[in-house]
Amino acid sequence: MKNRFLKATFAIVLIGAYFVSCKPKNTSDVAVGDAAQRVYVAPGKYDEFYNFVSGGFSGQMSIYGLPSGRMLKVIPIFSQDPESGWGYSEETKPMLNTSEGYIPWDDQHHLELSQTNGEVDGRWIFANANNTPRIARVDLKRFKTAEILELPNSAGNHSSPFITENTEYVVAGTRFGVPGDYEDGDVPINTYKKNFKAHISFIKVDKESGEMDLSFQLRLPGVNFDLSHAGKGKSHGWFFFTCYNSELANTLLEVNASQNDKDFIMAVNWKKAEEYIKAGKGKIEKARYAHNTWDDETHTGKSVIKEEVLVLDATALKDIVYLMPCPKSPHGCDVDPTGEYIVGSGKLAALIPVFSYTKMLAAIDKKDFEGDYEGIPVLKYNSVLHGEVQKPGLGPLHTEFDGKGNAYSTMFVSSEVVKWDIKTLKVLDRHPTYYSPGHLSIPGGDSKKPFGKYMVVYNKITKDRYLPTGPELTQSAQLFDISGDKMQLLLDYPTIGEPHYAQSAPADLIRNNGQLKIYDIKKNNHPRVSKGEKDTKVVREGNKVHVYMTMIRSHFAPDNIEGIKVGDEVYFHVTNLEQDWDVPHGFSIRRANAAELLIMPGETSTLYWKPTKVGIVPFYCTDFCSALHQEMSGYLRVSPAGSNVPISYSLGTNLPASSK
Amino acid sequence: MKTTNLSLVSKVMLLIVGILFIASLFLPLWRIELDAPQYPEGLTLQLHANKIAGDVNIINGLNHYIGMATLHTENFFEFKILPYIFGAFGLIAFALIFINRRKAVLVFLITFVLFIALSAVDFYRWNYEYGHNLDPNAAIIVPGMAYQPPLLGFKQLLNFGAYSIPDVGGWLLTGAGLLLATIVWVEYKYKKTT
Ligand SMILES: [Cu+2]
């Protein structure tokens, strides 16, 4: 009996072992064997690519090196950044100004590098703010936000910022239809179909300076524009947008906006729109939106409120927009390097439709319409279709290209990335990702000239990929080598915020674009700059006190200040006199209701401070600048309101007795 | 033709010598390269005939920690007279073509060599002066440490390695000296018997 019991136990254990061994292999051993070598960048050596990654709900953009995955910098754009003083210093506050005042945060989704002839040119990168619709331009010589433009008549600036092949326009579509700012917005929500409109903004970019100007907006039915991409090469002159909620639902969208079997890809002939604008068909509408620009020589942002926008009613005019039916609430809208194929990713669809630009033109020519939607002609699906990728996976979201005839699509639901042939539409390879990928990015992958060596997939779910850090986890990017037939997983690396789209450029293109090392102090035109210690002073103007201060290794000038009173409003205008690479200084003062200032060599920055207590207040340098950094400090005396201690200041000598 | 007269080749060489002297007026003569762990890109001090150039301000800023006096072009009388001296050397070289006497070239060569020797002494004197005459209240005082840069070649000064060598202009002057010496040598050695 005993023996039989033992045998039975043994058998159960064996069967159990069999089932355990049948379970798919653990994810941790999926990387290829020599992956470590292929992502290793030796100390002091540089990565091959700059990888610019959107910060999502952090509002910022982060930059990594590829293939190492090492983080190089976070550039503050739409959110306050106490680390650098962005949004805290008097100079940077105007950059976050909007038509409704200062806004300290946003949700940054997509990035687009500037292009010339459809190729990445390494000059600027554009970023969208999703929540309070804005577009920013980051200057890649300084790695600093140079400009932020607010968009009127828009809500949920999601299908942006995508650009035309010579950066003629940055284009921004709205995810939420809303009544235009120039209309009465006080309407019942259930009048959506009648009163809600979607506006798409065409922002002109100056060829030399990069400065943006809202050229015109297209007024369209209130569908949700999700993503977009410009035509290129032969399809230059057109822009393609995915749209969902063609049901025009205004409640429980997850059900009500998923009713139609097909939504649309909207094709916009923007050259035609330009013609109508030239012919005076646009209408100037009242609007209020902020245009914020950074001046490199005054080291100061300026915010101007604009009052007008040119609106073109796209449904009232012919030949500007056409709709291509696209299955099931399409998300990604990607155009291949030749400009011929437009890939729509229906996130609920079991296939990926690929549209042909040539067929689209022919269908428009033949008026091959199946009807119209809210006054816009709808082309016949079969007339514009190049073909469908069958069974690509579940939940296709985004597609990028390698320039060798292949496309790569992320599958959110089946958690994988799928490689397929653009022409034959055959699936060539698939690889699991960890877990549930959103966007993916190949260097130059949405341009005419992709650098098809690496691919990064940005996952939405992290779970067990790294050491646990409580309920809130980092986000996870995964690097693949796509140079061969099979995709090879090389590396996981954690990212800040929640990355959506990302772009990459060859390191040399950015590195050799005239990178700035310091700001030339001779060109510093800040109205309150001190170009040397002899220019420093403390000036009282009523209850406002302006402190003109300098910093150089390893002291402030002045570093003893008296005559400040409770209730004063003190402005520290601090200039970093250094003209040497990588010698920033920081400025912080006790109980300042702000952040520090981090000041680059040759730059002037201003901190506002309102003393509320009598006493001695120290200030110090926050950036370990030199061997005597700890000595880089000073004292400020705060006297009671109404005190008659005069303003005095000094460096290196004790103040005269009269001030005691 | 008298043996004491110059050959055509020598005259052409004198012309080149004159051009080299004039060219050196517009180019840096000497450079001191400084390297430190935190300065992988290096710092350079360049001495022209009429000024100190290069990363002077950065070097002055760093030197205040050890109490070294700051470098300013206007504190050196040399920068006021050197341009005239080199200009004059250039003109003399041109004039020698017409003077057409090998002895005159010899005298010029000796003058030039003496001038270089004097300059080296002067350069050493300034290096010594700046390297030793330190502010007693300096933040960093290393007992027994002086910061005199080398006259020529390499020397480690705390975290900085200093490398003192001729710059483009200096090489032009070297070339001028060598050409002068060649003229003298050829004129005296190979024309003795003719
Ligand atoms: Cu400091």
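Calculation criteria
- The residue count restarts for each chain, going from 1 along the sequence in the order it is written.
- Lettering of chains starts at A and numbering of ligands starts at 1, both following the order in which they are written.
- The model is predicted, so local features are restricted to residues of pLDDT at least 70 and side-chain atom pairs to those at 80 or more, both for listing and for counting; the totals for chains, interfaces and linings are taken over all residues.
- Calculated side-chain values reflect all of the structure's heavy atoms, with hydrogen atoms and water omitted.
- A run of DSSP states H or I qualifies as a helix once it reaches four residues; a run of E qualifies as a strand once it reaches two. Both are numbered from the N-terminal end.
- It is over C-alpha atoms that the radius of gyration is taken, and the globule rule equals 2.2 Å times the number of residues to the power 0.38.
- Here's how the labels work: a residue is buried when its accessible area is under 20% of the maximum for its type, exposed when over 50%, partly exposed in between, all with a 1.4 Å probe on protein chains only.
- Only heavy atoms enter the contact rule, under which two residues are in contact if any of them lie within 4.5 Å.
- What sets the accessible areas is the Shrake-Rupley method with a 1.4 Å probe; for residues, cover comes only from the shown protein chains.
- Note on terms: buried area is the combined drop in 1.4 Å-probe accessible area of two parts once they are placed together, counting the loss on both.
- Whenever two N or O atoms come within 3.5 Å, that pair is a polar contact, provided that in protein one can donate a hydrogen and the other can accept it, and provided that, for residues adjacent in sequence, both atoms are side-chain atoms.
- Residues are grouped as follows: Ala, Val, Leu, Ile, Met, Phe, Trp, Tyr, Cys and Pro are nonpolar; Asp, Glu, Lys and Arg are charged; every other residue, Gly included, is polar.
- With water omitted from the atoms examined, metal sites may look incomplete; donors here are N, O and S atoms no farther than 2.8 Å from the metal, or 3.2 Å in the case of Na, K and Ca.
- We call two strands paired when DSSP finds no fewer than two bridges between them.
- Orientation is described by lines fitted to C-alpha atoms, with helices fitted over the stretch in contact, and by angles between N-to-C directions that extend from 0 to 180 degrees.
- Either an automatic procedure or a domain database provided the assignment from which the domain bounds are taken.
- What counts as a salt bridge is simple: a side-chain nitrogen of Lys or Arg found within 4 Å of a carboxyl oxygen of Asp or Glu.
- Residues belong to a common nonpolar core when they are buried Ala, Val, Leu, Ile, Met, Phe, Trp, Tyr or Cys residues joined through side-chain atoms within 4.5 Å.
- Expected span, for any helix, means 1.5 Å times one less than how many residues it has.
- The directions from the helix axis to the C-beta atoms are what the arc is built from.

### Considering the overall build of chain A
Thought 1: Secondary structure summary: chain A contains eight helices and 45 strands in total.
Thought 2: Rg of the C-alpha trace for chain A: 29 Å, near the compact-globule value of 26 Å for 660 residues, within the 12% margin.
Thought 3: In terms of principal-axis extent, the alpha carbons of chain A reach across some 90 × 90 × 50 Å.
Thought 4: Among the 660 residues that make up chain A, the fraction classed as buried is 58%.
Thought 5: The long-range share in chain A, meaning contacts at least 24 apart out of those at least 6 apart in sequence, stands at 62%.
Thought 6: Here chain A has roughly 27500 Å² of accessible surface; of this, 54% comes from carbon and sulfur atoms.

### Describing the overall build of chain B
Thought 1: Tallying secondary structure elements over chain B gives five helices and five strands in all.
Thought 2: The order of helices and strands in chain B, counted from the N terminus, is α-β-β-β-α-α-α-β-β-α.
Thought 3: Compactness check: chain B gives a C-alpha radius of gyration of 20 Å against a globular reference of 16 Å for 194 residues, more than 25% above the reference.
Thought 4: Dimensions of chain B, computed from the C-alpha atoms along their principal axes, are close to 70 × 30 × 30 Å.
Thought 5: Per-residue burial over chain B gives 45% buried out of 194 residues.
Thought 6: Considering only residue pairs separated by 6 or more positions, chain B has 67% of its internal contacts joining residues 24 or more positions apart.
Thought 7: Roughly 10500 Å² of accessible area belongs to chain B as shown, and the carbon and sulfur atoms make up 70% of that amount.

### Let's talk about the interface of chain B and chain A
Thought 1: Opposite the seven residues of chain B that make contact, chain A presents seven residues.
Thought 2: Carbon and sulfur atoms supply 57% of the area buried between chain B and chain A, which totals about 640 Å² over both sides.
Thought 3: Looking at the side of chain B facing chain A, the largest losses of area belong to Glu-41, Ile-58 and Tyr-65 of chain B, adding up to 59% of the total buried there.
Thought 4: Applying the counting criterion to the chain B and chain A interface returns five residue pairs in polar contact (both at pLDDT 80 or more).
Thought 5: Looking at the side of chain B that touches chain A residue by residue, the class counts come to five nonpolar, one polar and one charged.

### Some words on the coordination of the copper ion
All names here are of chain A.
Thought 1: Protein coordination of the copper ion is provided by His-585 (ND1), Cys-621 (SG), Cys-625 (SG) and Met-632 (SD), with donor distances spanning 2.2 to 2.6 Å.
Thought 2: Coordination of the copper ion draws on donor residues from a single chain, spaced H-x35-C-x3-C-x6-M in sequence. Placement of Cys-621 in the loop between β43 (615-620) and β44 (633-639) and of Met-632 in the loop between β43 and β44 is noted, with a sequence separation of eleven residues between them. Here the two residues Cys-621 and Met-632 agree in accessibility, since each one is buried.

### A closer look at the side chain of Asn-128 of chain A
Residue and element names in this part refer to chain A.
Thought 1: Here Asn-128 is to be found in strand β7 (residues 119-129).
Thought 2: Among the polar contacts made by the side chain of Asn-128, one reaches the side chain of Gln-108 at a distance of 3.4 Å.
Thought 3: Within the local environment of Asn-128, its side chain forms a polar contact with the backbone nitrogen of His-109, the two atoms lying 3.0 Å apart.
Thought 4: With sequence-adjacent residues up to four places away left out, Asn-128 is seen in contact with Phe-78, Asp-107, Gln-108, His-109, His-110, Arg-134, Ile-135, Asn-157, His-158, Ser-160 and Pro-161.

### Quick notes on the sheet that holds strand β32 (residues 475-481) of chain A
All names here are of chain A.
Thought 1: One open sheet accounts for four strands, arranged β30-β31-β32-β33; its pairing is antiparallel. Of all the strands in the sheet, just β30 (437-441) and β33 (488-495) have a single pairing partner and so form its edges. Averaged over all pairs of adjacent strands, the angle between strand axes in this sheet comes to 25 degrees, irrespective of strand direction.

### Topic: the environment of Ala-136 of chain A
Residues and elements named next belong to chain A.
Thought 1: Tracing the backbone through its elements, the reader meets Ala-136 in strand β8 (residues 134-139).
Thought 2: Along the chain, Ala-136 and Arg-219 lie 83 residues apart, while their C-alpha atoms are 23 Å from each other.
Thought 3: Filtering out sequence-adjacent residues up to four positions away, Ala-136 remains in contact with Ile-77, Phe-78, Ile-125, Phe-126, Ala-127, Thr-145, Glu-147, Ile-148 and Met-212.

### Some remarks on the domain arrangement of chain A
Accessible area lost on assembly of the parts is the figure often given for the size of an interface.
All names here are of chain A.
Thought 1: Each assigned domain of chain A is listed here: domain 1 (48-511) and domain 2 (521-659).
Thought 2: Each partner contributes residues to the interface: domain 1 has 14 residues there, and domain 2 has 16 residues.
Thought 3: Where domain 1 abuts domain 2, roughly 1100 Å² becomes buried across the two surfaces, and 51% of that area is made up of carbon and sulfur atoms.
Thought 4: Inspection of the region where domain 1 meets domain 2 yields one salt bridge.
Thought 5: Close ionic contact of Glu-603 with Lys-144 constitutes a salt bridge, the shortest N to O distance being 3.8 Å.
Thought 6: The interface formed by domain 1 and domain 2 contains five residue pairs in polar contact (both at pLDDT 80 or more).
Thought 7: When its residues are assigned to classes, the side of domain 1 that touches domain 2 shows three nonpolar, six polar and five charged.

### Looking at the pattern of salt bridges
All names here are of chain A.
Thought 1: By the definition in use, this model includes 32 salt bridges over all chains.
Thought 2: Among the salt bridges present, the one from Lys-93 reaches Glu-90, with a minimum N-O distance of 2.8 Å.
Thought 3: The class of Lys-93 is partly exposed, set by a relative accessible area of 30%.
Thought 4: Using a relative accessible area of 26% as the deciding quantity, one classes Glu-90 as partly exposed.
Thought 5: Among the salt bridges present, the one from Asp-139 reaches Arg-142, with a minimum N-O distance of 2.9 Å.
Thought 6: Assessed through its relative accessible area of 14%, Asp-139 is described here as buried.
Thought 7: Residue class for Arg-142 comes out buried when judged on its relative accessible area of 13%.
Thought 8: Where salt bridges share partners, they join Asp-34, Arg-38 and Asp-481 into one cluster.

### Quick word on the nonpolar core
Thought 1: Leu-218 and Val-268 of chain A are the most contacted members of the largest nonpolar core, which has 35 residues in total.
Thought 2: Discounting chain neighbours no more than four positions away, the residues touching Val-268 of chain A are Phe-202, Leu-218, Gly-237, Trp-238, Phe-239, Phe-241, Ile-320 and Val-321 of chain A.

### Considerations on helix α5 (residues 168-189) of chain B
Residue pairs three or four apart in sequence face the same way in an α-helix, which turns once every 3.6 residues.
Residue and element names in this part refer to chain B.
Thought 1: Its 22 residues place the ends of α5 31 Å apart at the C-alpha level, agreeing with the 32 Å of an ideal helix rising 1.5 Å per residue.
Thought 2: If you check which residues of α5 are buried, you get Gly-169, Gly-170, Leu-173, Ala-176, Gly-177, Leu-179, Leu-180, Ile-183, Val-184 and Glu-187.
Thought 3: Each element contacted by the buried residues of α5 is listed here: α1 (8-24), α3 (78-99), α4 (102-132) and β5 (160-166).

### Some details on the side chain of Ser-639 of chain A
Thought 1: Position of Ser-639 of chain A among the secondary structure elements: in strand β44.
Thought 2: Not counting residues up to four positions away in its chain, the partners in contact with Ser-639 of chain A are Ile-564, Lys-565, Val-566, Val-614 and Val-645 of chain A.

### Remarks on helix α5 (residues 270-278) of chain A
Residues and elements named next belong to chain A.
Thought 1: Residues of α5 that are buried: Trp-270, Ala-273 and Tyr-276. Axial view of α5: buried residues confined to an arc of 105 degrees, hence all on one face.
Thought 2: The secondary structure elements touched by the buried residues of α5 are β11 (169-173), β12 (197-205), β13 (212-221), β15 (238-244), β16 (262-269) and β18 (300-313).
Thought 3: Positive phi appears at Gly-280, one or two residues downstream of α5, with a value of about 80 degrees.

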